[in-house]
Amino acid sequence: MSSLLIIVNWLLPLLYLVLLVDYGATFFLRTKAQIRNPWLAPVLCVHAFFLVLRSIHFGQPPLGNVYEIFSVLALSTGAVYAVVEFVGRDRRSGIFVFLLVFLFQYTSSSFLGASSTQSTGWARLHVVPALVAYTAFAIAAIYGLLHILAQRNLKQHHFGMLFDRLPPLDLLGRMTWYALFSGFVFITITIVTGPLLFSHQATDVPDAKLTAKIVVGSIAWLIYVVAVLGKLLGKWPSRRISSIAVTGFVVIMILLIVSGILS
Amino acid sequence: MEISVIGINHRSAPVDVRERFALPSDLAKKLLRTIRAEKIFSEALVLDTCNRTEVYLVSKAKQDSLRHLLGHITQLKQASPVTDTSLFYHHQGLDMVRHLFRVAGTLDSQMVGEHQILGQLKNAYRLALDAGTARFLLNKLLHWAFRVGKRVQTQTQLGRGSVSIATSAVELAGQVFSKLSGKTVLLAGAGETAELAAQALLRCGVSELIVANRTLSRAERLAEDFLQNRRAKNLKAKTVCPASLDEQNKVCPVLAGQKAEDGSSTGSEQPLRARAIGLDAIPSVIGGVDLLICSTGSTEPLLTYQNVAGFLRHENHPLLIIDISVPRNVEARLGELPNVFLYNIDDLDLLVARNLERRREEIPRAEAIIDDEVEQFGKWLDSLQVAPTIKLLQRRFAQLQEAQISRYGRKFASSDQKELEEFSRGLCSKMLHKPVAFLRELATDSANSEGLAAVDTIRRMFDLDSLEEQK
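In this report, we go over the structure that sits alongside the text. What you see is a predicted model, and the numbers here were worked out from it, not measured in a lab.

With respect to the packing of helix 3 (residues 66-88) of chain A against helix 4 (residues 94-112) of chain A
The relative placement of two packed helices comes down to the angle between their axes together with the axis-to-axis distance.
Residue and element names in this part refer to chain A.
Phase 1 of the analysis: Closest axis-to-axis distance for the helix 3/helix 4 pair is 8 Å, and the angle between their directions is 155 degrees. As judged from the angle between their axes, helix 3 and helix 4 are roughly antiparallel. When the axes of helix 3 and helix 4 are compared, the crossing they make is left-handed. Facing Y67, E68, F70, S71, L73, A74, T77, G78 and Y81 of helix 3, the residues of helix 4 in contact are G94, V97, F98, L100, V101, F104, Q105, T107, S108, F111 and L112.
Phase 2 of the analysis: Classifying every residue of the contact of helix 3 with helix 4 by side-chain character gives twelve nonpolar, seven polar and one charged.

Okay, here's the thing in structure tokens:
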């Protein structure tokens, strides 16, 4: 099994690179913009298969070290994007997302073999919805930024490079909303399941780090609940949701970095 | 065998000359029938568009086709004889092939990248087929040209982006809305460009049209016209072949995307609601409008911030305003509202200019495709010569003979080997005798279309092209 793991480990960045080139062709050559990418689902399945195999091989979920987490992040980013592409039927933004996915997986594949896996236990599965949530927030921030750029281009009559390479404005708004909402659902799951899973079990995470995680998670939840309620109850415009998606993600990043330094 | 084209187009002659030689389909049919009857040309096709009249000819030998053809045309049109033939072009051989491929690839069009020419070329081909003047060579050439047109269309960006004010409205709409079905268009005024823009949007599946005019009866008439147009298109969409529906959808980038996705959606299938209102009623309906095209003769702004801003407060409802009237009918301040995207005639001109520039940048890529295809066609044309075909046929049989001897030779005694070889050689030459005699007979009349078709069939039957490649 270990040779199969090594092969797939190196196959994955290549597959993501192919997807990145394909999305790049769509963006630069303005072709096949409104056709769902047929290769996306198979590549994500290969990636999921790899992580399942790795879990079976090491007897624990693939969240033992930072490089495994990078790989899970790559998969979850790709999966959230796949849902967005499926719903929005537009692949013009794929280049931005898959640049990130490729970098995650390339970094993971480069160091995964050399790194030893720490013992974590199945309780750390709780990390999965958190990763999906932060991935969704990252994607919401990307779409939010594209939405703001597209809106600005259209308002200022700027027919530059991005003009007809981005998806339509209303679609970007919808994509931002879908990603933000799914992130909100997953961060809620994380916040609810965290105490349940760890209440009867000691964790290997230091107290300061745990507190920082709880604080960041809660602040993220508070930021996005405002957007969700605003959209559902106050019918906020996409422009405002996009601004929250971008600023929310920036705030989370700053908090994560600061908490990492402090703890 | 001589292939040639004689024609006149927007580059070679001014419109007053071109219109004298225009050949609408009834006259084109007559011309083709005349050509067929006199048997000087074995094949012919007439292509007549607003910018060109061209006759593609296949003849048995070189001749003064130009004067001959002009004689026919002036007779058909009962015009005075042509004295100045310098306005016409006459391309022969591969130059003619290149010209046709450039026409199909839209490089010879007045508006480079406008792919309607492919549809016009298909109509011309159909006309020639009906008249019985498109046979082996023109069949092959025209199908090749259609393929070249498609290749240029798909492998270059030549047809991308709107290059007219009317279609740029659709392009802008495509940047704001992911689909136009279910959207409402308000057409204020009745300028020609605005009407064209509205028609282009309707082709993309807009479901409601409101026509506003100072005179209500004029607005009602226009709304009714749009409804009738849509009904006629729906009827046509149900009866015409899917290919022509494709052509129709190509004008709409938004719709084209939807079609590519689900394979079924077409603009003309959407039901359309159309109604008329007076200009003063615009503020009361503008809240529900997605797209406003403004083109009235009014000298004062029709839509001011003061009279409509109150109706446009809902930020979740974007409104695209295209004001193509001069002086402008929409106060610029309205564009400051976050959900309003206001474009005037200068903005659209800018978009068109940028798209034209992009198309110009794509021309070298399209030319390269055409060079490649002309070369391929030239090779195919050369392959139709009789003598090399006979040689290849003989080689094919010799190969078969050798293969069979090496396979079964071991089953015979060494003393019988010579007889086996003689037997197989004799059998092959007997089998080849009639086909070779037939081909040699063709060589005496190589200009015959049936002869060329026969050579082509024989080459394909025995896969002689692959043998030539091995060589």
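Comments concerning the sheet that holds strand 10 (residues 340-344) of chain B
Residues and elements named next belong to chain B.
Phase 1 of the analysis: Read across the sheet, six strands follow the order 7-6-5-8-9-10 without closing on themselves; strand pairing throughout is parallel. The open sheet is flanked by strand 7 (273-278) and strand 10, the only strands paired with a single partner. Strand-to-strand twist in this sheet, taken as the mean axis angle between neighbours without regard to direction, amounts to 15 degrees.
Phase 2 of the analysis: Looking at chain direction, strand 5 (residues 184-189) and strand 8 (residues 291-295) are connected through five bridges and run parallel. Within strand 8, the residue paired with L187 across the bridge is I293.
Phase 3 of the analysis: Across the sheet, helix 8 (residues 192-203) touches strand 5, strand 6 (208-213) and strand 8, and the angle it forms with strand 8 is around 160 degrees.

Observations concerning helix 8 of chain B
Phase 1 of the analysis: When the terminal C-alpha atoms of helix 8 of chain B are compared, their 17 Å separation across twelve residues agrees well with the 16 Å that a helix rising 1.5 Å per residue should span.
Phase 2 of the analysis: For helix 8 of chain B, the complete set of buried residues consists of B:A194, B:E195, B:A197, B:A198, B:A200, B:L201 and B:L202.

As for the pattern of salt bridges
Residue and element names in this part refer to chain B.
Phase 1 of the analysis: Counted according to the given criterion, the structure contains 18 salt bridges over all chains.
Phase 2 of the analysis: A salt bridge links D108 to R52; its shortest N-O distance comes to 2.7 Å. Of the two residues, D108 sits in the loop between helix 4 (93-104) and helix 5 (116-131) while R52 sits in strand 3 (residues 52-59), which places them 56 residues apart along the sequence.
Phase 3 of the analysis: A relative accessible area of 5% means that D108 is categorised as buried.
Phase 4 of the analysis: Given the relative accessible area of 2%, R52 is considered buried.
Phase 5 of the analysis: Note that E375 and K379 form a salt bridge whose closest N and O atoms lie 3.8 Å from each other.

The rules we used
- Here, residues in each chain are numbered from 1, in the same order as that chain's written sequence.
- For naming, the first written chain is A and the first written ligand is 1, with later ones following in the order written.
- Local features are withheld for residues below a pLDDT of 70 in this predicted model, meaning they are given only at 70 or higher, and side-chain atom pairs are given and counted only at 80 or more; totals for whole chains, interfaces and linings count all residues.
- Computation of side-chain values: all heavy atoms of the structure, hydrogens and water removed.
- Only the stretch in contact is used when fitting a helix axis, every axis being a line fitted to C-alpha atoms; angles between N-to-C directions are given from 0 to 180 degrees.
- Strands here are runs of E lasting at least two residues and helices are runs of H or I lasting at least four, both read from the DSSP assignment and numbered beginning at the N terminus.
- For classification purposes, angles smaller than 35 degrees are called roughly parallel, those larger than 145 roughly antiparallel, those between 65 and 115 roughly perpendicular, and all remaining angles oblique.
- Handedness of a crossing is defined here by the sense of rotation of the near helix relative to the far one, left-handed for an anticlockwise turn of less than a right angle and right-handed for a clockwise turn.
- Note on definitions: a residue-residue contact is assigned when non-hydrogen atoms from the two residues lie within 4.5 Å.
- Note on residue categories: nonpolar means Ala, Val, Leu, Ile, Met, Phe, Trp, Tyr, Cys or Pro, charged means Asp, Glu, Lys or Arg, and polar means any other residue, Gly included.
- Whether two strands pair depends on DSSP finding at least two bridges between them.
- Multiply 1.5 Å by the residue count of a helix minus one, and that product is the helix's expected span.
- Only protein chains enter the area calculation, which uses a 1.4 Å probe; residues under 20% of their type maximum are buried, those over 50% are exposed, and those in between are partly exposed.
- Criterion for a salt bridge: a side-chain nitrogen of Lys or Arg within 4 Å of a carboxyl oxygen of Asp or Glu.

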